[in-house]
2 protein chains.
Amino acid sequence: MSNRLKQFINEHLEAINREIVDQVERLHAPQALKDSMLYSLKAGGKRIRPLFVVAVSEMFHNKQKEVYTVGAAVEMIHTYSLIHDDLPSMDNDELRRGKPTNHVVFGEALATLAGDALNTLAFGVLARMENVSPEKKVELINLLSIASGAEGMVGGQVLDLDGENRELNLSELEQIHRNKTGAILRFSIESGAILSDATKEAREALIEYAHHIGIAFQIQDDILDVEGTSEQLGKTAGKDEESNKSTYPALLSLDGAKQKLQEHYQFALKALNRLSEDTTLLREFANYIVSRNH
Amino acid sequence: MSNRLKQFINEHLEAINREIVDQVERLHAPQALKDSMLYSLKAGGKRIRPLFVVAVSEMFHNKQKEVYTVGAAVEMIHTYSLIHDDLPSMDNDELRRGKPTNHVVFGEALATLAGDALNTLAFGVLARMENVSPEKKVELINLLSIASGAEGMVGGQVLDLDGENRELNLSELEQIHRNKTGAILRFSIESGAILSDATKEAREALIEYAHHIGIAFQIQDDILDVEGTSEQLGKTAGKDEESNKSTYPALLSLDGAKQKLQEHYQFALKALNRLSEDTTLLREFANYIVSRNH
């Protein structure tokens, strides 16, 4: 990771984490529910999505504190999806980021409800932001609903479950990831542009950047499952191959997947060329995505 | 049920149902997911919550079609909560409104995801309404998030699960119902007032009406579980007593529960006296709530 990116993360990570935790702690709600929500929110995520909201906003010199709130909302959606995905009736995972999953600690019923509450809270915190116009809030809520719902993340998870027991082609695999993880990543990047009153052209360039970063992110995830160790990943490595899951390395070979990763990385950088702002940070972010080892 | 109320329901039920179904059918999402969402949405609910949105709006002579959209959003939240509540890890119900529950038909994974998608969609449809100002949309989204999330419905469900294995007192029982079912009923009524630009005084009177109707609704539910037949209810009658659940009849005796029901009914009517509008329909709605047999 570059020094500039490290410095950026050091500068903002604490504020992001504080906002996420504050939004839950201030709720007048049963303590067990808040504990379950906070357990997964604090379980050591890298906060890539909130950091993207902040990084795009910073590129446009937007220093308003609401960028952390939008980041917190995205992280709530991401976290609720992990809690529900880990349930026994879904992926049945007992370990996530090196820790027992939510339902292992709190039971299935509370895990399901903590996920539900985080999903709902994400929209509430967007609606309650100060210093953001109602027009922008409505646009952000609409886009987050599309990105995270039946047409985005949840729809992608349905396709993913449906594809588990058969071999997918590349186009099916990309559709799953575009919905399951890409849509939320795109929202993270687009929301930073909306908050910062970016021009239509800048916004479109960023959406293209987000598209390629999203695919690159998933390819690297698949590569890490082959090449990484369980210790590095905080989850069982090699699980994809063992379960015959359709992945980029399985479809393209490991070398083919690495080549495809580089292609999308280059397309992402090329999209940034259309921006007149200083895109150094977003370039380094892209580099981190494709070269990370966990 | 009075003729006036019957006529009102006949006049609006089809438009409510159409809006609910349209909002799901137009989604670009996996068909299996849409089928699962639609199955529970169409499973024969009485649409009490959407009808309240419309009834309050009609009292203020508000004829805009968006009242159906807000009604659809509330019904989505209500339906998602039923799907998740019925899951084996929660109440483990296999029958709802006389039909197999969602997870019995579609499996637990898809049922969980259909619930998630309905939760998310509710906020999306509010954000996308035409002819409603961004200010009002943000207010509605904020209130729906509070009513349905950790501080409302989901929090109430946590308290309910937590209280299953011990005897609750009346105050604990009311707290559960205020959150679990009352908050969404209140939103249904308050949202009609917001859409119709009701005065602060009118809105407060309606909130008080909603409060008492909410408790009355739950007491009648508990009474019906004792007195009704499974055929009338479309679910297993007598289940509360069998499972030692804390209910109004269990705490107050059947006669005591009926007396309390009448008290809240009278308080609800009294709140309506503070309105200068024609409250006939809301009075008849209240009467229906306390005298319904299913």
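Keep in mind that this is a model prediction, so the values were computed, not measured.

**Student:** How would you sum up the pattern of salt bridges? Please name residues and give values.
**Tutor:** Residues and elements named next belong to chain A. Within this structure, the stated rule accounts for 36 salt bridges over all chains. Across the pair Arg-18 and Glu-14 runs a salt bridge whose closest N-O atoms are separated by 3.5 Å. On the criterion of helical spacing, the pair formed by Arg-18 and Glu-14 is a turn pair, its members being four residues apart in helix H1 (residues 3-25). Salt-bridge contacts for Glu-130 lead to Lys-65; the nearest nitrogen and oxygen are separated by 3.7 Å. In this pair, Glu-130 is assigned in the loop between helix H6 (108-127) and helix H7 (134-148) and Lys-65 in the loop between helix H3 (48-59) and helix H4 (66-85), connecting sequence segments 65 residues apart. By relative accessible area, which is 52% here, Glu-130 ends up exposed.

**Student:** For the side chain of His-212 of chain B, give the residues involved together with the corresponding values.
**Tutor:** All names here are of chain B. Inspection of the secondary structure assignment puts His-212 in helix H10 (residues 200-227). Here His-212 falls in the buried class, since its relative accessible area comes to 10%. Excluding residues within four positions of it along the chain, His-212 makes contact with His-264, Phe-267 and Ala-268.

**Student:** Explain the interface of chain B and chain A to me, and be specific about the residues and the numbers.
**Tutor:** In this complex, chain B contributes 44 residues to the contact, which on the side of chain A involves 44 residues. Together, the buried faces of chain B and chain A total about 3,500 Å²; carbon and sulfur atoms form 72% of this surface. For the pair chain B and chain A, the interface holds zero salt bridges. Between chain B and chain A we count 12 residue pairs in polar contact (both at pLDDT 80 or more) in total. Taken together, the elements giving at least two residues each to the side of chain B that touches chain A come down to helix H2 (31-41), helix H4 (66-86), helix H6 (108-127), helix H7 (134-148) and helix H8 (153-162) of chain B. Sort the elements by how many residues they give to the side of chain B that touches chain A and H6 of chain B lands first, with 13 residues. Within the side of chain B that touches chain A, the residues separate by chemical class into 24 nonpolar, 13 polar and seven charged.

**Student:** Explain the relation of the copies chain B and chain A to me, and be specific about the residues and the numbers.
**Tutor:** Structural alignment of chain B on chain A gives an RMSD of 0.0 Å, achieved by rotating through 180° and translating 0.0 Å along the axis. One copy is carried onto the other by what is essentially a two-fold rotation axis. Within chain B, the C-alpha atom positioned nearest to the axis of rotation is that of Pro-134 of chain B, 2.6 Å from it. Here 100% of the interface residues in chain B have copies in chain A that are interface residues too; the copies meet face to matching face.

**Student:** Got a sec to walk through the side chain of Asp-86 of chain A? Specific residues and values, please.
**Tutor:** Counting through the fold element by element, Asp-86 of chain A comes out in the loop between H4 and strand E1 (95-96). Taking the relative accessible area as the measure of exposure, Asp-86 of chain A reaches 4% and is therefore buried.

**Student:** Go over the packing of aromatic side chains, please, and point to the residues and values.
**Tutor:** Considering all chains together, one arrives at seven aromatic pairs over all chains under this definition. Relative to Phe-106 of chain B, the ring of Tyr-39 of chain B has its centre 5.5 Å away and its plane inclined at 70°; by these criteria the two rings are edge-to-face. Here Tyr-39 of chain B is found in helix H2, whereas its partner Phe-106 of chain B is found in helix H5 (residues 102-106), with 67 residues between them in sequence. The class for Tyr-39 of chain B is partly exposed, based on a relative accessible area of 23%. Among the aromatic residues, those joined into a ring-pair cluster are Phe-52, Tyr-209 and Phe-285 of chain A. A cation over a ring is seen here: Arg-292 of chain A above Phe-217 of chain A, with NZ or CZ 4.1 Å from the ring centre.

**Student:** Which residues make up the packing of H4 of chain B against H6 of chain B, and what are the values?
**Tutor:** All names here are of chain B. Running from amino to carboxyl end, H4 crosses H6 at an angle of 160°, the nearest separation of the two axes being 8 Å. The orientation of H4 relative to H6 falls into the category roughly antiparallel. Like other packed secondary-structure pairs, H4 and H6 cross with a definite hand, here left-handed. Of the residues in H6, those in contact with Thr-69, Val-70, Ala-73, Met-76, Ile-77, Thr-79, Tyr-80, Ile-83 and His-84 of H4 are Ala-111, Thr-112, Gly-115, Asp-116, Leu-118, Asn-119, Leu-121, Ala-122, Phe-123, Val-125 and Leu-126. The class makeup of the residues in the contact of H4 with H6 is 13 nonpolar, six polar and one charged.

**Student:** Which residues make up helix H13 (residues 248-272) of chain A, and what values do they have?
**Tutor:** Owing to its 3.6 residues per turn, the α-helix aligns residues three or four sequence positions apart on the same side. Residues and elements named next belong to chain A. Over its 25 residues, H13 extends only 25 Å from the first C-alpha to the last, a length that falls short of the 36 Å expected when each residue adds 1.5 Å. Most pronounced at Leu-254, the bend in H13 amounts to some 95°. All of the buried residues along H13 are Tyr-248, Pro-249, Ala-257, Lys-260, Leu-261, His-264, Tyr-265, Ala-268, Leu-269, Ala-271 and Leu-272. Each element contacted by the buried residues of H13 is listed here: helix H9 (170-195), helix H10 (200-227) and helix H14 (280-291). Two to three positions downstream of the cap, the backbone nitrogen of Ala-250 sits 3.1 Å from a side-chain oxygen, assigning the N-cap of H13 to Thr-247.

**Student:** Explain the environment of Asp-85 of chain B to me, using residue names and the numbers behind them.
**Tutor:** Mapped onto the fold, Asp-85 of chain B is located in helix H4. Residues in contact with Asp-85 of chain B, not counting those within four places in the same chain, are Met-90, Asp-91, Asn-92, Gln-157 and Lys-180 of chain B.

**Student:** How would you explain the confidence of the model for chain A if you had to name every residue and give the values?
**Tutor:** Confidence along chain A averages 94 in pLDDT terms, with 97% of residues attaining 70 or more. Reported confidences for the modelled complex are a pTM of 0.96 and an ipTM of 0.95.

**Student:** Before we move on, could you go through unusual backbone geometry and cite the residues and values that matter?
**Tutor:** All names here are of chain A. One non-glycine residue with positive phi stands out, namely His-61, at about 60°. Looking at the secondary structure, you find His-61 in the loop between H3 and H4. With a relative accessible area of 69%, His-61 lands in the exposed category. Even without glycine at this site, Arg-97 takes up a positive phi of about 50°.

**Student:** Could you give me a rundown of the environment of Glu-172 of chain B, with the residues and numbers involved?
**Tutor:** All names here are of chain B. Positionally, Glu-172 belongs in helix H9 (residues 170-195). Taking relative accessible area as the criterion, Glu-172 reaches 25% and is therefore assigned partly exposed. Along the backbone, Glu-172 and Asp-160 are 12 residues apart, and their C-alpha atoms lie at a distance of 9.5 Å. With residues near it in sequence (within four places) discarded, Glu-172 still touches Arg-166 and Glu-167.

Cut-offs used in this document
Residues numbered from 1 in each chain as written. Chains lettered and ligands numbered in written order. Predicted model: local features only at pLDDT ≥ 70, side-chain atom pairs only at ≥ 80, totals over all residues. Heavy atoms only, no water. Salt bridge = Lys/Arg side-chain N within 4 Å of Asp/Glu carboxyl O. Helix = DSSP H or I, 4+ residues; strand = E, 2+ residues; numbered from the N terminus. Buried < 20%, exposed > 50% of the residue type's maximum accessible area, 1.4 Å probe, protein only. Contact = heavy atoms within 4.5 Å. Buried area = accessible area lost by both parts, 1.4 Å probe. Polar contact = N/O pair within 3.5 Å; in protein donor to acceptor, adjacent residues only side chain to side chain. Nonpolar A, V, L, I, M, F, W, Y, C, P; charged D, E, K, R; others polar. Least-squares fit on C-alpha atoms with pLDDT ≥ 70 in both. Phe/Tyr/Trp six-rings, centres within 6.5 Å; stacked < 30°, edge-to-face > 60°. Lys NZ or Arg CZ within 6 Å of the ring centre and 35° of its normal. Axes fitted to C-alpha atoms, helices over the stretch in contact; angles between N-to-C directions. Parallel < 35°, antiparallel > 145°, perpendicular 65-115°, else oblique. Left-handed = near helix turned anticlockwise from the far one by under 90°. Expected span 1.5 Å × (residues − 1). Bend = angle between axes of the 7 residues up to and from the residue. pLDDT = per-residue confidence, 0-100.

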